[in-house]
Amino acid sequence: MRSELFVLSSLLPLLQAQETILGVYIFHRHGDRTSKSFAPTTLTDLGYYQVHGSGEYYRNRYIGSNATSPIYGISSSLVKNSQLSVEAPVDTVLQNSAAGFLQGLYPPVGTTLGTQTLANGSKVQAPLNGYQLIPVNAVASASSGANSENSAWLQGQSGCANAITSSNSYFTSAEYLQKLNSTAAFYKSILPVINGTFTATTDTFKNAYTVYDLIHVSMIHNTSIPSSDLLTNETVFQLQTLADNHEFNLAYNSSEPIRAIAGSTLAAQILEQLNATITGKSKQQVGIQFGAYASFLSFFGLAQLPQVSKNFTGIVDYASSMTFELVTNATVTNTSYPTNDQIFVRFMFANGTASENPLTTYPLFGRTETTLPWTTFADEINKFAIGDQVTWCSKCGNSTGVCASSTATSTTTSSSSSKESSGGMSKAVAGVIGAMVTLAIVLGLEAIVMLIGGLRLVNKKRLASAGGVTGEGVNPTKA
């Protein structure tokens, strides 16, 4: 038995080596920023450091000449922009985070590779030691809306009427009202800490996230905080837990899927990019999008990740990222590319900058396997993906603006379909997956309720490894 195990273990590296990464899609949160209580928010030096470190991690994993899991056909030193699709909403924090990340993914190449010889024989060296220019597409159709980081409530940026209505309904629910009343004394107790920004009226569970955000940012950057003695580890933990609970309930509700419009939009974008990688035979291998925390929470709920761990109901840390890898064990060459039944998808998540919190693999869609066949993955994610204008307008109940023409088209199509047994343009053709509307962003986020009756805490482990403050999740023992 021992000799058999030895043989199997010796073959394992060979089996793993046969796996080829065909492409990846990365959804990434911004780095550390200033408080939303004082707009406009800006990316801090710490935030820049976090996203740059994450970019370096992904380079070492996928891009570099010595990458541990190299992507098939990817350029390792000089970037080929045709191989990348990078997007971020029109938001300063998110755009700058994307730029910082890309600096780590494709760093300056130095004088040798960064020098070009012109026709007359003269040489021109690229500025900043061969700094590589990578465009970040500003999109209004991202799962996070424009200026989302200046908005305390992200659903307000989605533009989806039914999603906004669904999130608003949380504020009249029995769960919310119970939490509002049971935490009143707790919030009153920390008012001296924030009374320069909040009043007795606004310092309540209704503003759980913005209260926590202000205190959290202050604890990272301010050398002194009013009445800081009130901010015990237990109190900070309580603030985070309440913010988690508040935001997750705004971002996702199992009985009202439209509330998770950001996650549905993101799902379609993930599918679109991965499908493009496959149909293009890995000509564009890397899709990257920067977005807000609510998109993570909405997607987590839709993908049934809270069934794997309740930690997926908490606000993800700054510079967190989730990654979808397209993998195959088939032979890949210039003349041979895997068929759909030979391609698989693996989901991984890093809570906080990946340079300090490496990617961990998790199962999706309530399944146990962590690597799904491509067709299974596509079928499952299509159950909640919204990737065309007609469907988005219909689900959101919007009939004006960009949806005015969609509503008319939908009515016409419906009428004609009653006269024809088949024919006419399908929604997939009419909308083409990926021509997203101005959707998105959404809501707010999440968490695990830790109050029973009064303010008794229930233990909750964060997905991030134990360490200092690296994101929106405060580690109370080291804050």
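Residues numbered from 1 in each chain as written. Predicted model: local features only at pLDDT ≥ 70, side-chain atom pairs only at ≥ 80, totals over all residues. Heavy atoms only, no water.

Some points on the overall build of the chain
Phase 1: Secondary structure assignment for the chain yields 17 helices and 10 strands.
Phase 2: For the chain, the residues scored as buried account for 52% of the 479 residues in total.
Phase 3: Of all intrachain contacts in the chain linking residues separated by at least 6 positions in sequence, the fraction that spans at least 24 positions is 76%.
Phase 4: Carbon and sulfur atoms make up 54% of the accessible area of the chain, which totals about 20,800 Å². (Helix = DSSP H or I, 4+ residues; strand = E, 2+ residues; numbered from the N terminus. Buried < 20%, exposed > 50% of the residue type's maximum accessible area, 1.4 Å probe, protein only. Contact = heavy atoms within 4.5 Å. Areas by Shrake-Rupley, 256 points an atom, 1.4 Å probe, with all protein chains shown as cover.)

Looking at the state of the cysteines
Phase 1: In the structure shown here, the tally under the stated rule is two disulfides.
Phase 2: Each sulfur of the disulfide joining Cys160 and Cys396 lies 2.1 Å from the other. Classification of the bridge connecting Cys160 and Cys396 rests on its S-S torsion, roughly -105 degrees, and on that basis the disulfide is left-handed. Note that Cys160 is positioned in the loop between β5 (137-138) and α6 (161-170) and Cys396 in helix α15 (residues 389-396), a separation of 236 residues in sequence.
Phase 3: There is a disulfide in this structure between Cys393 and Cys403, and the S-S distance comes to 2.0 Å. A torsion of -80 degrees about the S-S bond marks the disulfide between Cys393 and Cys403 as left-handed. Of this pair, Cys393 sits in helix α15 while Cys403 sits in helix α16 (residues 402-417); the two residues are 10 residues apart in sequence, bridging distant segments of the chain. The residues Cys393 and Cys403 share a single accessibility class, namely buried.
Phase 4: Taking only the cysteines that form disulfides and numbering them from first to last, the chain has the pattern 1-3, 2-4. (Disulfide = S-S within 2.5 Å.)

Details of the packing of aromatic side chains
Phase 1: Summed over the entire model, instances satisfying the criterion amount to 25 aromatic pairs.
Phase 2: Between Phe248 and Tyr252 the ring centres are 5.8 Å apart and the planes differ by 45 degrees, which places this aromatic pair in the tilted class.
Phase 3: Judged by centre distance (5.4 Å) and plane angle (85 degrees), the ring pair of Phe300 and Phe349 falls under edge-to-face. One end of the pair, Phe300, is in helix α13 (residues 293-302); the other, Phe349, is in strand β8 (residues 343-350), with 49 residues separating them in the sequence.
Phase 4: Owing to a relative accessible area of 2%, Phe349 belongs among the buried residues under this scheme.
Phase 5: An aromatic cluster of at least three residues, connected via ring pairs, comprises Phe299, Phe324, Phe347, Phe365, Trp374, Phe377 and Phe384. (Phe/Tyr/Trp six-rings, centres within 6.5 Å; stacked < 30°, edge-to-face > 60°.)

Thoughts on helix α12 (residues 261-279)
Phase 1: End to end, α12 covers 27 Å across 19 residues, agreeing with the expected 27 Å (1.5 Å per residue, within 8%).
Phase 2: With respect to burial, α12 is a largely interior element, 15 of its 19 residues being buried.
Phase 3: Looking at the residues trailing α12, positive phi occurs at Lys281, about 55 degrees. (Expected span 1.5 Å × (residues − 1).)

A few points about the pairing of strand β1 (residues 20-29)
Phase 1: For β1, a buried count of 10 out of 10 residues is recorded, marking the element as mostly surrounded by other parts of the structure.
Phase 2: When β1 meets strand β7 (residues 321-328), the two strands line up antiparallel, connected through eight bridges. Looking at β7, one finds that Thr20 is bridged to Thr328. (Pairing = 2+ DSSP bridges.)

Focus on the nonpolar core
One broad trend across soluble globular proteins is that nonpolar side chains are buried collectively.
Phase 1: Residues Phe299, Phe300, Met322, Phe324, Trp374 and Phe377 are the most contacted members of the largest nonpolar core, which totals 68 residues.
Phase 2: Phe300 has contacts with Leu305, Pro306, Phe312, Val316, Met322 and Phe349, leaving out every residue within four places of it along the chain.
Phase 3: With 31 residues, the next largest nonpolar core counts Ala88, Tyr106, Val286 and Val327 among its residues. (Core = buried A, V, L, I, M, F, W, Y, C linked by side-chain atoms within 4.5 Å.)

Details of the pattern of salt bridges
Note that side chains of opposite charge can pair when their charged atoms are close.
Phase 1: The full count for this structure, using the stated rule, is eight salt bridges.
Phase 2: The closest approach of N and O atoms between Arg346 and Glu325, which form a salt bridge, is 2.6 Å. Taken together, the residues Arg346 in strand β8 and Glu325 in strand β7 connect sequence positions 21 residues apart.
Phase 3: Given a relative accessible area of 14%, Arg346 falls into the buried group.
Phase 4: On the accessibility criterion, Glu325 (0% relative accessible area) is buried.
Phase 5: In this structure, Glu369 and Arg367 form a salt bridge, with 3.4 Å as the shortest nitrogen-oxygen distance.
Phase 6: Of the residues examined, Glu369 reaches a relative accessible area of 31% and is grouped as partly exposed. (Salt bridge = Lys/Arg side-chain N within 4 Å of Asp/Glu carboxyl O.)

Section: unusual backbone geometry
Most peptide bonds adopt trans geometry, and most residues besides glycine take a negative phi value.
Phase 1: Following Ala39, the chain continues to Pro40 via a peptide bond in cis, the omega torsion being 0 degrees.
Phase 2: On the secondary structure map, Pro40 appears in the loop between β1 and α2 (45-63).
Phase 3: The residue Ser227 is not glycine, and still its phi comes out positive at about 50 degrees.
Phase 4: When you line up the elements, Ser227 lands in the loop between α10 (208-221) and α11 (233-251).
Phase 5: Looking at Ser227, the relative accessible area reads 31%, which means it is partly exposed.
Phase 6: Residue Phe365 is not a glycine yet carries a positive backbone phi of 60 degrees.
Phase 7: By relative accessible area, which is 6% here, Phe365 ends up buried.

Some remarks on the side chain of Thr277
Phase 1: You can see Thr277 is positioned in helix α12.
Phase 2: Looking at Thr277, its side chain comes within polar contact range of the main-chain oxygen of Gln284, at 2.9 Å.
Phase 3: Setting aside residues no more than four positions away along its own chain, Thr277 makes contact with Leu22, Gly23, Ser282, Gln284, Gln285, Leu326 and Tyr337. (Polar contact = N/O pair within 3.5 Å; in protein donor to acceptor, adjacent residues only side chain to side chain.)

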